[in-house]
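Here is how the chains run, residue by residue.
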Amino acid sequence: MNLKRYLWILGLLGVILVIAVPVVFFWPRTAPTSADPWVNVPEHAAHTNHTDIVQGPFASGQEVTQRCLACHEHAAEGLMHTVHWTWESEPVAVPGHEDVVMGIGKTNLINNFCIAATGNERTCMTCHAGYGWGEEGAFNFENDLNVDCLACHADTALYAKGEYGNPAEGVDLVAAAQSVRNPGRDNCGKCHFDGGGGNNVKHGDLDESLLFPSENLDVHMGRYDFLCTDCHKTNDHLITGRMLSVSVDDEHQVACTDCHNADLHQDERINAHVATVACQTCHIPAIATKNPTKLTWDWSTAGQDLPEDHYTFLKIKGNFLYDKDVQPEYLWYDGGAAYRYLMGDPLAAAGPTLLNPPSGAIDEPKARIFPFKIHRAKQPYDTVNNYLLPPLTAGEGGLWQTFDWPSALELGAEANGLDFSGEFDFAETWMYWPTTHMVQPKENALQCESCHGKNGVMDWEALGYPGDPIEWGGRDAVQ
Amino acid sequence: MRGQPFVRLVSSGLLLMLALAAVLLGSGQATAQSTAETAGPLSPLHPVFALLDAEGRNVLESGAPVSTMQTCGVCHNTGFIASHSFHADLGLSSMTAPGQTASGRAWDTSNGLFGRWDPLTYRYLTPAGDERLDLSTAEWLQVLGARVAGGGPATTSRNGAPLTSLTPDATNPETALLAADGIVAAWDWKRSGVAEMDCFLCHLDQPDHAARTAALAAGDFGWANTATLAATGIVTASASGWVWNPQAFAPDGALLPAYVRVQDPTNANCAQCHGLVHTDAATPLTLAGCDLADPQTATTGQVISGQKISASGVNVAGKDALNRAWDIHAERQLACTDCHYSLNNPIHAQESDATRPSHLVYDPRRLDLGAYLERPDHNLARGQSAQYTVAPEFKGTMRRCESCHTAESHNSWLPYVDRHMAVLSCESCHVPHLYAPAIESVDWTVLNAAGRSVVSCRGAETPTSGVDTLIEGFTPVLLLRDNIDGGQQLAPYNLISAWYWIYDDANGATRPAPLADLQAAWFENGVYAPELMAIFDADGNGALDATELRLDSDVKTAAVATRLAAQGLGNPRIAGEIQPYSINHNVARGAWATRDCQTCHHDDAALSQPLHLAGFLPGGVVPTLVNDANVGSSGSVQQGEDGAVYFQPGLAEAGVYIFGRNRIAWVDWLGLALFFGVLAAVSLHAGLRAFMAWRHPRPKPELHPVYMYDAYERFWHWLQTIAIILLIFTGLVIHRPDVLGMFSFRYMVWLHNMLALILLVNAALSLFYHLTSGAIQQFIPRPYGFFDQAILQTKYYLYHIFKGGPHPLEKTRTQKLNPLQQVTYFGLLNVLLPLQIITGGLMWGVQQWPQVAQMLGGLPLLAPVHTLVAWLFATFIVAHVYLTTTGPTVLTDIKAMLTGWEDVEVHPHIEERAEHV
């Protein structure tokens, strides 16, 4: 009876349920919003201050590394499995070549800028994550003490690398070692901003302006203060991200869709573009918006005594063209390479030799229209053997000391195991740089008319369309 | 094909660079980059052709002006085209005697640019037989040439004869010209030539509109179409006139292919006459506010451009946040002609709804393409704008928003989609704001120092300058548009008010005061007449500023009237009119459209905001809407305390009832009075009871528990209680969102509907229960002894209750209700509840079955009834809750409704009763 007195509460609950259940069940819901991209952004724990932990003195970089490894036992081991150390991939099938190649990378590939690293270790290895390089073959890849922890972890105001990958003259190694922390934009930028020999020379979308970016330069870094490693997620020193300049596939690649839903646009029409157009195409309308990037490089005039100017001619390098606010060139791109020029490959039968043309075509569903910086150069080749010749430049007796092409080429060919006939000339080579950094906020993205209609920037017929898809239909209609 | 920036750099580089680049660029690999040569809208099919003069000779031989009718007429039926084009006709074919047009103006002679007087351009096309000449046909063409496509009145007289067949005659307005000195001279059309319909103007990629306009203004009509070619290189201007360039022609006399720049009309072609169009994404758009050179922009603020407002060069307030295109359709690469297509274009043609059988969605029988190219109908599909009245037979021929778009995407958030779509045009929400200034008023009752009207602009700080003035833009006023199909929808408009002098001429006809006479009245020797200066120049500084140059006193008005009368104008007086301008372009997509319910469902709704017309009433004349606008029943002109004049939309008068905005005051006052009256009465009653109980404490009556309400009854009761209370609350939010703005209007509407459904089901189930269990009888008053008992009960409530007397009637399980309750509940459950359910249901049903609600008076009747009944419900709750406290103890009855067990007073005759049973 006592319990029964409280039955009414149950009844009242029932009444409320009768109202609440349909209300909650049928409550008008708006379409679920796109997944929160922040979920995928790593949170950075405060880094332990190492000032009191690390005590000197250190006579060399290796001694610093020894101190690091005392606590971080496996850190070097992890790094030594990455290309930041090996400068070479695992054995890989290279498009345009029949046999699997034992490994490609910065050690053995020809690029369109300073051409090749081997033989030029003295300066090139300034950007290797290791100490103790010498001339060809003198580096011990197995010695974990050669790992340069400071390059990525020290305050860049206190540390710099010098010749053969060793710490620069005058660096206070104790102060540098005490300053270690998670890598900042400045650490990555030391090498990646200045690739090719100067600020923004190579990429066009990576330069020192990213140290203090505005939101109109890079929405992630400028508006949200991202670090490189927020997108280039790192596991056991293996940093994700791939570049067509040295890789022929897109494994371990970083993608916008790692964080963003591809269909996040409020506009269905724009979402419909995502299968055909890479995010970068609209969200990176221009390359080198702040600092100019190198567009051409003619080595043939190197050594001549012409008026020098950083942006047009240097005696050691030849002629260049720089430009900023460059409109990208748009190509189909599936993340891989259609071909990769390897040391000793013959030149193209006609036209320029394309070092690393991207793969992809209108009829390949995975391929999307992607913005590229195409760098056009003229570099030396052996007219008898019909292949490109990497000159010795920074190395001992190289071009930059002698300004003598034949001897520089002789030395370079020797360092890279090539035969040099003695006859040489200069050939046009193109290199493709996918544009993927300096992403613009939606306010600055391309609009319909940027590509479509009378004033559009796309050459639809070159891309394989019969005409502007707004009138002729998309790639589905083309098949 | 190569990178443009690359090319650009090379051109600016050193010689050495050039040599290098030449090598580098010498070889080509196709990259996806456009070059100037591949771009271009030009027709791939159009053949080369010879330019012929009016006699059909090649212009290269004759040196005569080109004749479009002859040249294009070789392949196209130009006669058909010119006679099927309201752009050519401009009202010529509908000309009547003055005062017989739909506009209602006593002096209008047609519905188009040729004959329909426009206070913006002011000059009046004089009909035959008028006392004084204002615009002759020739001067009309000179003055308005920038907006005349040729053909129609530019080639043909009002009686249909060619203008060239008319004899020069200074007394005929078709063959005369009013010179600056006031002398009327004869006009010789044979000498001036006529302006044929100018195919080049709309079909070339680079027509020279300026050169053409200059030729027309000079009276050089015959050469106007030739001047249109000035930018093509086919013809060049020389001191002796236009000279054909032989380099443009092949030996056989036809144009070289490079000079055949014929194309479908682009937005830029239409822009020449209509308004601001900006197609170049790279160049920031700029505009000069309220410049009649762009009539559409000046009158409506519409800018046709795909450029983002934030990227434009216009100094728009808060533009950083305006990351949207000026016009979504321009952004999406639609051309004007995609909607305003040739009516027999086989791609777009559609039969009108009026004649199309309803079972036919699409008629595949199409005009042959060749036949279309020979005789393309140049009557273009058009909407139903208020301002363009020419060719009314083609109004509504255009595909509208809903022809291409579905309203489907609204379903996810907008309640009552169909209802909203029925009442609102798409533009009402999708053109929420215009970001360019538009003309607000034109005051011709005074003349500025330049001898023109005083124009005021809305949406800009200063109307004249383009780049530096801050532009706020304006929110258009929503007026009820009378659609061609007979329906009515709210649609956005700009209203342009105009004040001007009219007079009676010697024939007794009313005409607007000719500009020449106005100027003569205002100025003497090029400066304001001293007589007027003395009256107008309040601060005596010798100049008239905006506050002085206005007819805001009878003295000023009389002074100007006197001077006009001195010019021979009879009975000069001021008239005022309001011309609505439809706004259908500058559409914004969903995210930028109006989505906030309270934009309309609110006291301060934008919907009911008065639109500022002018700072004062010139001459005290209240302007009226022009007769031929399709927004006749929409509101009224009101003057504020500061003298400013506003247009107050009158939607309620037009039968539009908007929840949260419309309400009938007396219903709410009556409801409030009832509610608080009853509240006050029961408070008084309760106070008296408490006082008496304190003064005369009584022994507790003898009680015994009775199982009064079974579980279902209690469940039904409380479900109903909660539902009704929540319904009253949500209803209140919907009724007064201005007071309860913290609650989402949209969710409250939804919740109200859901609760109503629950209440309805609950009521239906309980009716079933009461009927089948027979408990319904309790609610039905019995005739026998009803009044006796009712009187007993009333006396109890009014008297005995204070004395602590026993309840006169005992409450039993089968007889719970006393007569007063029976009457109340009978009314509540049989009148109020059904009434509320029916009115509520019908209001909900305006979406599904609008005609049913319409039959019963529509929302303007249903909603106030629903509101009144809601007040009665609320009032009932007060009384009902209070009366539950009149049991043996204050909480006895409430406890009973919760537990079912009620402590009932033992009545002396209970046993007696029991025996009888």
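Everything quoted here is computed from the prediction, not taken from an experiment.

### Notes on the overall build of chain A
Scanning chain A from terminus to terminus reveals 18 helices and twelve strands. Summarising its shape, the C-alpha atoms of chain A cover approximately 110 × 65 × 45 Å along the three principal directions. With 479 residues in all, chain A has 42% of them scored as buried. A fraction of 65% describes how many contacts in chain A between residues 6 or more apart in sequence connect residues 24 or more apart.

### Topic: the sheet that holds strand E17 (residues 635-639) of chain B
Residue and element names in this part refer to chain B. Taken in spatial order, the three strands of this open sheet run E15-E18-E17, and their pairing is antiparallel. Every interior strand has two partners, whereas the edge strands, strand E15 (611-614) and E17, have only one. Direction aside, neighbouring strands of the sheet carry axes that sit 30 degrees apart on average. By the bridge criterion, five bridges tie E17 to strand E18 (residues 645-649) in an arrangement that is antiparallel. Within E18, the position partnered with valine 637 by the bridge is phenylalanine 647.

### Observations regarding the confidence of the model for chain B
All names here are of chain B. Averaged over chain B, the pLDDT score is 86; the fraction of residues at 70 or greater is 93%. In this model residues 1-41 is a low-confidence stretch, pLDDT under 50, and it forms 67 contacts with partners more than four residues away in sequence or in other chains. Here residues 910-917 is modelled with pLDDT under 50, and outside its nearest four sequence neighbours on either side it reaches one contact, counting other chains as well. Across the assembled chains, the prediction reports ipTM 0.78 with pTM 0.82.

### Thoughts on the packing of helix H24 (residues 711-735) of chain B against helix H25 (residues 745-773) of chain B
Residues and elements named next belong to chain B. Between H24 and H25, the shortest axis-to-axis distance is 9 Å and the interhelical angle comes to 155 degrees. Classified by the angle their axes make, H24 and H25 are roughly antiparallel. At the point where H24 passes H25, the crossing takes the left-handed sense. On H25, the residues touching Tyr712, Trp716, Leu719, Gln720, Ala723, Ile724, Leu726, Leu727, Thr730, Gly731, Val733 and Ile734 of H24 are Phe745, Met748, Val749, Leu751, His752, Leu755, Ala756, Ile758, Leu759, Asn762, Ser766 and Tyr769. Counted by class, the contact of H24 with H25 contains 18 nonpolar, six polar and no charged residues.

### What about the pairing of strand E20 (residues 901-905) of chain B?
Residue and element names in this part refer to chain B. Covered by surrounding structure in E20 are Glu902 and Val904 only, the residues Trp901, Asp903 and Glu905 on the alternate face being uncovered. By the bridge criterion, five bridges tie strand E19 (residues 703-707) to E20 in an arrangement that is antiparallel. When the sheet's bridge partners are listed, leucine 703 is paired in E20 with glutamate 905.

### Observations regarding the environment of Thr96(B)
All names here are of chain B. Residue placement: threonine 96 occurs in the loop between helix H6 (86-89) and helix H7 (137-144). Taking the number of C-beta atoms within 10 Å as the measure of exposure, threonine 96 has 13 and is therefore partly exposed. Not counting residues within four places of it along the chain, the set of residues in contact with threonine 96 comprises Thr101 and Thr109.

### Some remarks on unusual backbone geometry
Following Gly56(A), the chain continues into Pro57(A) via a peptide bond in cis, with omega recorded as -10 degrees. Relative to the helices and strands, Pro57(A) resides in the loop between helix H1 (7-26) and helix H2 (61-71). Of note in the backbone geometry, His252(A) takes a positive phi value of approximately 55 degrees without being a glycine. With respect to the helices, strands and loops of the structure, His252(A) is situated in the loop between strand E4 (238-239) and helix H11 (268-273). Under the C-beta neighbour-count criterion, His252(A) is labelled partly exposed, with 16 such atoms within 10 Å. Positioned with a positive phi, Asn525(B) is a non-glycine residue whose angle comes to about 55 degrees. Tracing the chain through its elements places Asn525(B) in the loop between strand E12 (523-524) and strand E13 (527-528). The exposure class assigned to Asn525(B) is exposed, which follows from the 5 C-beta atoms found within 10 Å.

### Topic: helix H22 (residues 554-566) of chain B
All names here are of chain B. Between the first and last C-alpha of H22 there are 18 Å, a value that for 13 residues agrees with the 18 Å anticipated at 1.5 Å per step. Inspection of H22 places Lys556, Thr557, Val560, Ala561, Arg563 and Leu564 among the buried residues, and these make up the whole buried set. Taken down its axis, H22 places every buried residue within 165 degrees of arc, on the same side. Away from the buried face of H22 by more than 90 degrees, exposed residues Asp554, Val555 and Ala566 are located. Downstream of H22 by a residue or two, glycine 568 has a phi angle that is positive, lying close to 90 degrees.

Reading the values: the criteria
- Residues take numbers from 1 onward in each chain, read along the sequence in its written order.
- Working convention: letters from A go to chains and numbers from 1 go to ligands, in the order in which they are written.
- Residue-level local features of this predicted model are given only where pLDDT is at least 70; pairs of side-chain atoms are given and counted only at 80 or more, and the full residue set underlies all totals for whole chains, interfaces and linings.
- Only runs of H or I of at least four residues qualify as helices and only runs of E of at least two qualify as strands under DSSP, and these elements are numbered from the N terminus.
- Exposure is read from a count of other C-beta atoms within 10 Å of each residue's own; the residue is exposed at 12 or fewer, buried at 20 or more and partly exposed in between. C-beta atoms are placed from the backbone.
- Residues are scored as being in contact if the C-beta atoms we place from backbone atoms lie within 7 Å.
- Two strands make a pair as long as DSSP finds a minimum of two bridges between them.
- In this description, a line fitted to the C-alpha atoms serves as the axis of each element, helices being fitted only across the stretch in contact, and the angle between N-to-C directions of two axes falls anywhere from 0 to 180 degrees.
- The pLDDT value expresses, per residue, how confident the predictor is, ranging between 0 and 100.
- Orientation categories follow fixed angle ranges, with anything under 35 degrees roughly parallel, anything over 145 roughly antiparallel, 65 to 115 roughly perpendicular, and all other angles oblique.
- Two helices crossing with the near one rotated counterclockwise from the far one by less than a right angle form a left-handed crossing, whereas a clockwise rotation gives a right-handed crossing.
- Under the grouping applied here, Gly and all other residues not named as nonpolar or charged are polar, the nonpolar ones being Ala, Val, Leu, Ile, Met, Phe, Trp, Tyr, Cys and Pro and the charged ones Asp, Glu, Lys and Arg.
- Expected span of a helix, by definition, is 1.5 Å for each gap between consecutive residues, and there is one gap fewer than residues.
- Throughout, the arc means the angular range of directions from the helix axis out to the C-beta atoms.

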